[in-house]
Amino acid sequence: MIIRQRTLADDAEIYDVVKRAFAGMEQASGDEQNLVGRLRKTGGYVPELDLVAEDGGRIAGHVMLTKVEIAETPQLILAPLAVAPECRNRGIGGALIKAGHGVAKKAGFGFSVLVGHPAYYPKFGYRPAALFGLRCAMEIPPECFMVCDLQNSGARLDAELVFPPVFFGQD
Ligand SMILES: CC(C)(COP(=O)(O)OP(=O)(O)OC[C@H]1O[C@@H](n2cnc3c(N)ncnc32)[C@H](O)[C@@H]1OP(=O)(O)O)[C@@H](O)C(=O)NCCC(=O)NCCS
């Protein structure tokens, strides 16, 4: 299994993996596969943080981290993360997160923010956003709103995150 940057030739397969990964999930919007394409058209898109896990010539998983302004500083939102149902529990999701963090850290980003499973992401350095003084403009269960301090700076954010409209189906 290798983790690499997405190429144009991957897009149909990424779409399929993301769609199948979220299919039937109660908390899913059903829009995650389209969100990937929309995010690529925004100013927050970072090609180096659009990553696939390739296994035996097939795309097994995908992750995207895009830029968001928090208190006038560019930080990252990790979303979406998807692993094909038949490829789960082999560490692919974790490998994608760690690879994304590695690239983000080198690029100098301070924090990655996400909304996700509170039992999954703490393994990869995420902690409740409230510990960083980060609030969210929309209502999210507080344990699902998490932040990773990529540089281990110990800094706080003390700000409110407004999710860009692209996350709600708008370009
Ligand atoms: C969440 C997801 C990306 C994990 O991918 P993966 O490659 O199976 O993950 P890994 O192999 O790195 O980790 C597997 C571990 O995470 C746990 N895990 C997987 N999904 C979990 C969840 N929703 N909540 C808590 N733990 C979870 C597994 O039980 C396993 O635990 P173990 O290491 O103690 O055995 C994958 O299940 C997926 O695509 N789910 C549907 C889409 C989704 O929920 N995306 C994330 C949005 S927040």
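None of these values were measured; they are calculated from a predicted model.

A.B. asks: Help me out: how do you make sense of the sheet that holds strand β3 (residues 58–70) in this one?
C.D. replies: Consider a sheet: its strands pair through backbone hydrogen bonds, and that pairing is either parallel or antiparallel. Spatially, β1-β2-β3-β4-β5-β8-β6 is the arrangement adopted by the seven strands of the open sheet, whose pairing is mixed. Strands at the two margins of the open sheet, each flanked by one partner only, are β1 (2–5) and β6 (126–128). For this sheet, the mean angle separating the axes of adjacent strands, direction not counted, is 30 degrees. Where helix α1 (residues 11–22) meets the sheet, its contacts fall on β2 (50–55), β3 and β4 (73–83), and the angle it forms with β3 comes to roughly 85 degrees. Strands β3 and β4 of the sheet are contacted by helix α2 (residues 32–40), whose axis makes an angle of about 145 degrees with β4.

A.B. asks: What's the story with α2 in this structure? I'm lost.
C.D. replies: Note that an α-helix has 3.6 residues per turn; residues three or four places apart therefore point the same way. Those residues of α2 lying buried are Gln33, Leu35, Val36 and Leu39. Down the axis, α2 shows its buried residues gathered within 160 degrees of arc, on one side only. The elements touched by buried residues of α2 are α1, β3 and β4.

A.B. asks: Any chance you could explain the site of the ligand here in plain terms?
C.D. replies: Not every one of the 17 residues close to the ligand is listed here, only the nearest: Arg88, Gly93, Gly94, Gly116 and His117. Among the elements of the structure, α1, β4 and α3 (92–106) are those that each provide at least two residues to the shell around the ligand. In terms of residue class, the shell around the ligand is made up of nine nonpolar, six polar and two charged.

The rules behind the values
The numbers attached to residues start from 1 for each chain and follow its sequence in the written order. Only residues with pLDDT of 70 or above have their local features reported here, since the model is predicted, and side-chain atom pairs are shown and tallied only from 80 upward, although totals for entire chains, interfaces and linings are computed over all residues. Pairs of strands are assigned from DSSP output, requiring at least two bridges between the strands. A helix here means a DSSP run of H or I that spans at least four residues, while a strand means a run of E at least two residues long, and both kinds are numbered starting from the N terminus. The convention used is that axes are lines fitted to C-alpha atoms, helices contributing only their stretch in contact, and that angles between N-to-C directions extend from 0 to 180 degrees. Here the contact rule is simple: place C-beta atoms from the backbone, and any two residues whose C-beta atoms are within 7 Å are in contact. Any residue surrounded by 20 or more other C-beta atoms within 10 Å of its C-beta is treated as buried, while 12 or fewer makes it exposed and the intermediate range makes it partly exposed; C-beta atoms here are placed from the backbone. Note: the arc covers the axis-to-C-beta directions of the helix. Any residue whose C-beta atom, as set from the backbone, lies within 6 Å of a molecule or strand is reported as near that molecule or strand. We call Asp, Glu, Lys and Arg charged. Ala, Val, Leu, Ile, Met, Phe, Trp, Tyr, Cys and Pro are nonpolar, and the rest, Gly among them, are polar.

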